[in-house]
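Descriptive structure summary
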Amino acid sequence: MIAVVLRDDMPACVRWEILMHERFSDVWICKDLGRATTRADPAELGRAALAAYLAGRDSRGETFRVVVRTDHATDVVITADQLTDPDGEADPAVRQALPVYLRNALT
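Residues numbered from 1 in each chain as written. Predicted model: local features only at pLDDT ≥ 70, side-chain atom pairs only at ≥ 80, totals over all residues. Heavy atoms only, no water.

Some details on the overall build of the protein chain
When you go through the protein chain residue by residue, the secondary structure sums to three helices and four strands. Partitioning the contacts of the protein chain with sequence separation of at least 6, the portion at a separation of at least 24 is 63%. Looking at the protein chain as shown, the accessible area adds up to about 7,200 Å², and 51% of this sits on carbon and sulfur atoms. (Helix = DSSP H or I, 4+ residues; strand = E, 2+ residues; numbered from the N terminus. Contact = heavy atoms within 4.5 Å. Areas by Shrake-Rupley, 256 points an atom, 1.4 Å probe, with all protein chains shown as cover.)

Here's what the structure looks like:
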C-alpha cells in the first residue's frame, strides 16, 4: 500500500488559463495558459499572470479573467477588476513560477 501525504509546504502543480469573454457568442475563449510547480499562493499567481498578460495590451472593451486550478481540485477565478495595485511588487515565489515572457512583462 502506498500512502500519499499532502502538506501545505509541499510544492503543488497549478495550471492557469487566461480567458477573454467573447460578447457576441457569450463564450470564454482561452488566450493563454500555463502551469508551474510552486508553493506560491494560487490566487496571487493568478493575479500576477493576468496582470502580466494585460500589461502593454489595449484591452479596452474586453473582459478578461484567469482561472487557476490546483492539484487539490481547487479553482480560483480572478477578474481584471480584482487586480491589486499595478505598482505593487509580486512575491518572488510568484514571479519565479511565471514563464519568462510574463515575468518580463511585470517589470
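A look at the sheet that holds strand S2 (residues 27-38)
Taken in spatial order, the four strands line up as S2-S1-S3-S4 in an open sheet, and their pairing is antiparallel. Each having just a single partner strand, S2 and strand S4 (75-79) make up the two edges of the open sheet. The average angle at which neighbouring strand axes cross in this sheet is 20 degrees, direction not considered. The pairing of strand S1 (residues 12-22) with S2 spans 11 bridges and is classified as antiparallel. Across the sheet, residue Leu19 finds its bridge partner in S2, namely Cys30. Contacts between helix H1 (residues 42-54) and the sheet are confined to S1, S2, strand S3 (63-70) and S4, with S3 contributing the most and set at about 145 degrees to the helix. (Pairing = 2+ DSSP bridges. Axes fitted to C-alpha atoms, helices over the stretch in contact; angles between N-to-C directions.)

Notes on the pairing of S4
Here S4 shows one buried face, formed by Val76 and Ile78, and one open face, formed by Asp75, Val77 and Thr79. Looking at chain direction, S3 and S4 are connected through five bridges and run antiparallel. If you follow Arg65 over to S4, its bridge partner there is Thr79. The turn joining S3 and S4, which pair antiparallel and follow one another in sequence, is formed by four residues; a positive phi near 60 degrees is taken by Ala73. (Buried < 20%, exposed > 50% of the residue type's maximum accessible area, 1.4 Å probe, protein only.)

Let's talk about the side chain of Thr38
Position of Thr38 among the secondary structure elements: in strand S2. Judged by relative accessible area, Thr38 falls into the buried class, the value being 10%.

Side note on the pattern of salt bridges
Scanning the model with the defined rule gives five salt bridges in all. Bridged by salt links that share partners, the residues Glu17, Arg69 and Asp75 form one connected network. (Salt bridge = Lys/Arg side-chain N within 4 Å of Asp/Glu carboxyl O.)

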